Every structure is written in structure tokens, then in C-alpha cells.
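Residues per chain, in single letters:
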Amino acid sequence: MSMTDTPLMRGLERVLDVSAFRHQVIASNLANIDTPGYRTRDVRLFAGEIERAMAAEDDPSFPGQSLAQASFTPVAHEIRGLLERPDGNNVSVDRESLLLAQNQLRFTVAVAFLKAEFHRLSSAISGGGSAS
């Protein structure tokens, strides 16, 4: 295991991957706001996707594989129960804008944690070299 192959780094990588995928799904919803019959999609229980990804690492069906190598892919599904317009489209700009802001915040926090972890590693390397 390398210095950068830690459970924290793998977890942050997965958060960033799922956040990027969710951003694409939300952007697709917004791009199709005027498409008749288009149905809003989202990533199934975002927090659940992260937990499922983390559990893949401990799965015996992936021996010796890192989380990044495991066959985990987030899945988008149709959202039911949203207000539908006469043309059959149920995309709400307000809902999608809120989800986009939440997703951006989650991504930004994950990047900040990743940056702090790299800074910690850099400090350990620098401090270790000057002590000799």
C-alpha cells in the first residue's frame, strides 16, 4: 500500500466520483427542462451510494482490489411524485438548482479534505527529510 492509497483517500475519491456523476445527472435534467415527456432523474440516495462504494472495498468478491478498481457505478433513476406539467415533463428549476448547490458544496468539502490530506503528507515528507 502506498502513502496515497489509504481508506480516507479512496473514500474521498469515491465522493468526488459520485458527486461528478450526480452533477451530470442534474445538468441533464436542466438541459431537458423543455423536452416534452422528460422525467427527472437523480442518483439513488446519494449518501447510500457513498456507503455502498465504501462497502465494496470489504467485499470478498473483490479480493486484493482497491475501491477504485471495484466495479462500483452509481445509478441514476427516475424521481416519482414530482409535479408534472401538461407536456409530461416534471423537471423543476428550483429543485434542480438546490440539488446542484448541495452537490457543489459536497464536492468542495471533499476537495478541501483531499487538499488537507495532501498537505499533511507533504509536511510529513518535508519534516522527515530535514530531521537527518
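The coordinates are above.
The paragraphs below set out a description of the structure included in this document. Each residue is numbered by its place in its chain's sequence as written, counting from 1. Local features in this predicted model are restricted to residues whose pLDDT is 70 or higher, and side-chain atom pairs enter the listing and the counts only when it is 80 or higher, whereas totals over whole chains, interfaces and linings include all residues. Based on all heavy atoms of the structure, the side-chain values leave hydrogens and waters out of the count.

Grouped together as the largest cluster of nonpolar side chains are six residues: Met-9, Leu-12, Val-15, Leu-16, Ala-110 and Leu-114. The helix count covers DSSP runs of H or I at least four residues long, the strand count covers runs of E at least two residues long, and both are numbered beginning at the N terminus. Elements with a minimum of two residues in this core: α1 (7–31) and α3 (93–130). In terms of residue count, α1 provides more of this core than any other element does, four residues in total. In this structure, Ala-110 is in contact with Leu-12, Val-15 and Leu-16, ignoring residues within four places of it in sequence. Nonpolar cores are built from buried Ala, Val, Leu, Ile, Met, Phe, Trp, Tyr and Cys residues. Side-chain atoms within 4.5 Å join them into one set. Relative accessibility under 20% of the residue-type maximum defines a buried residue, over 50% an exposed one, and the middle range a partly exposed one, all with a 1.4 Å probe and only protein chains included. Residue contacts are counted whenever heavy atoms from the two residues lie within 4.5 Å of one another.

Okay, the side chain of Asp-42 next. Of note, Asp-42 is situated in strand β1 (residues 41–43). Looking at Asp-42, the relative accessible area reads 5%, which means it is buried. As used in this structure description, the phrase polar contact means that two N or O atoms lie within 3.5 Å; if the pair is within protein, one of them must be able to donate a hydrogen and the other to accept it, and residues adjacent in sequence are counted only when both atoms belong to side chains. At 2.9 Å, the side chain of Asp-42 forms a polar contact with the side chain of Arg-22. The residues touching Asp-42, leaving out its near neighbours within four places in the chain, are Arg-22, Val-25, Val-75, Ala-76, His-77, Ile-79, Arg-95 and Leu-99.

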